[in-house]
Amino acid sequence: MHMRNPFVAILPILFAACVGEPPDEPFYEPPLTDEELAQLPDDSLLDHEHTDLVLVPGPAEDDAAIFDDDEAFAPYDIAVVDDGEQPMTSGQLHALLRWGLHPRASDGLRAAGVASWRITQTIGNAPASAGYHAQDGSVNGQPYTAATDLSTSGMTGTQIHNLLERLAKVGFAAWYRKNGVDGWSGANHIHVVYANCKMKSQLRAQVRSFLVGRNGLVSNRVYTWHAFTAAAKAAVQRKFNQSQQGTTNGGAGVSARINTSGAPLTVRANASTTSAAVGSRADGAYVTITCQKRGQSVTGTYGTSTLWDYIGTGYVADAYVATGSDGQVAPTCQ
Ligand SMILES: [Zn+2]
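Residues numbered from 1 in each chain as written. Predicted model: local features only at pLDDT ≥ 70, side-chain atom pairs only at ≥ 80, totals over all residues.

Read from one edge to the other, the open sheet built from three strands follows the order β10-β7-β14, with strand pairing classed as antiparallel. Two strands in the sheet have a free side with no partner beyond their single neighbour: β10 (286–289) and β14 (321–322). (Pairing = 2+ DSSP bridges. Helix = DSSP H or I, 4+ residues; strand = E, 2+ residues; numbered from the N terminus.)

Counting 48 residues, the largest nonpolar core has F172, V193 and V236 as its most contacted members. Among the elements of the structure, α4 (103–112), β4 (147–150), α5 (157–169), β5 (172–177), β6 (189–194), α6 (201–211) and α7 (230–242) are those that each provide at least two residues to this core. Contact partners of V193, with chain neighbours within four places excluded, come to A146, A147, F172, A173, L203, Q206 and V207. With 24 residues, the next largest nonpolar core counts Y76, L265, V267 and A322 among its residues. (Core = buried A, V, L, I, M, F, W, Y, C linked by C-beta atoms within 7 Å. Buried ≥ 20, exposed ≤ 12 C-beta atoms within 10 Å, placed from the backbone. Contact = placed C-beta atoms within 7 Å.)

The backbone phi angle of N140 is positive, close to 55°, even though this residue is not glycine. Tracing the backbone shows N140 in the loop between β2 (137–139) and β3 (142–144).

Before going further, it helps to spend a moment on the sheet that holds β5. Spatially, four strands are ordered β1-β4-β6-β5 in an open sheet, and the strand pairing comes out antiparallel. With partners counted over all chains shown, the strands left at the sheet margins are β1 (119–121) and β5, one partner each. Taken pair by pair, the neighbouring strands of this sheet meet at an average axis angle of 30°, ignoring direction. Judged from the four bridges that link them, β4 and β6 form a sheet pairing that is antiparallel. Within the sheet, the bridge partner assigned to D149 lies in β6 and is H191. The strands that α5 touches are β5 and β6; relative to β5, the one it contacts most, it runs at about 160°. (Axes fitted to C-alpha atoms, helices over the stretch in contact; angles between N-to-C directions.)

To continue, consider the packing of α6 against α7. What describes two packed helices is the angle between their axes and the distance between those same axes. Relative to each other, α6 and α7 sit at 150°, their axes nearing to 10 Å. Judged by the angle between their axes, α6 and α7 are roughly antiparallel. Where α6 crosses over α7, the handedness of that crossing is left-handed. Contact with α6, carried on its side by V207, F210 and L211, involves K233, V236, Q237 and F240 of α7 and no other residues of that element. Residue composition of the contact of α6 with α7, grouped by class: five nonpolar, one polar and one charged. (Parallel < 35°, antiparallel > 145°, perpendicular 65-115°, else oblique. Left-handed = near helix turned anticlockwise from the far one by under 90°. Nonpolar A, V, L, I, M, F, W, Y, C, P; charged D, E, K, R; others polar.)

Another aspect to go through is the environment of W117. Within the fold, W117 resides in the loop between α4 and β1. Take W117: there are 16 C-beta atoms within 10 Å of it, and that puts it in the partly exposed class. Apart from the residues within four sequence positions on either side, W117 is in contact with P57, G58, P59, A60 and E61.

The next thing to look at is α4. Within α4, eight of the ten residues are buried, leaving the element largely enclosed by the surrounding structure. For α4, the complete set of buried residues consists of P103, R104, A105, S106, D107, G108, L109 and A112. Positive phi shows up at G113, right after α4, with a value of about 90°.

Now the structure itself:
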């Protein structure tokens, strides 16, 4: 069930706990080190990567109304392989919204409602290889960069705010670069860095700058145009953690958080409370869901559900897991 399902509007109290992120999501990120600060783009220099000439969107479609709310679909972190590893079969490969995107970033943009025509830059053609849009690596045999630029053509300020919030919820450090605002001078656009992939150190510094509420430029000043919710920032932080600080492409699956309001949650061998206990996870622990299936109905902190989540070692009842959705967020377990 998607969070914009009409039942959500009809039964807001029953479903309120199932939709979106928990409001008390803990969030802490230390400030940037001097070394990280030195990696950020210098806002006093002319930025060739983000000129109007570079940021040319495809034929505009009148789709701005998609962003009338800030709810994103649940993304799925598909399995990916680095260069040099066993290549994936064609059936495992994921169609990209645009060349040069990481497959997970492509799926994240889809989940945020972004159509391919709004993607104005992936791997950049700036002459200096130090560019923030330079290739970060290859995955599934295709080159990608974690940095992507998006057009805000036809969008109102409110819709841009909603899009920024959606992008963060699915794992993008995101800034609206508005000429004359927050230290930016140049073409208006959205610059995002996808947090759950291997990326160059400059982009890691940008993600960290985002996480501490800064503008991602060398001035590292407080970003004022949009105030991201703690839940959205926590979502980026989770994706960034999954990428193990950007050094591997590991971490396939959906990151979610156990919420039992106290007791540890039992991990079961199968989707039933009568199947063998194979372990437990503490309240508040993050887990990675790789697939889900229906089983015994369980009533938990997020209502009643027959959905069970496979977390690598066994199943936990989805009624106790904050996934950002009251429906399935990962493929069905085979
Ligand atoms: Zn950019």
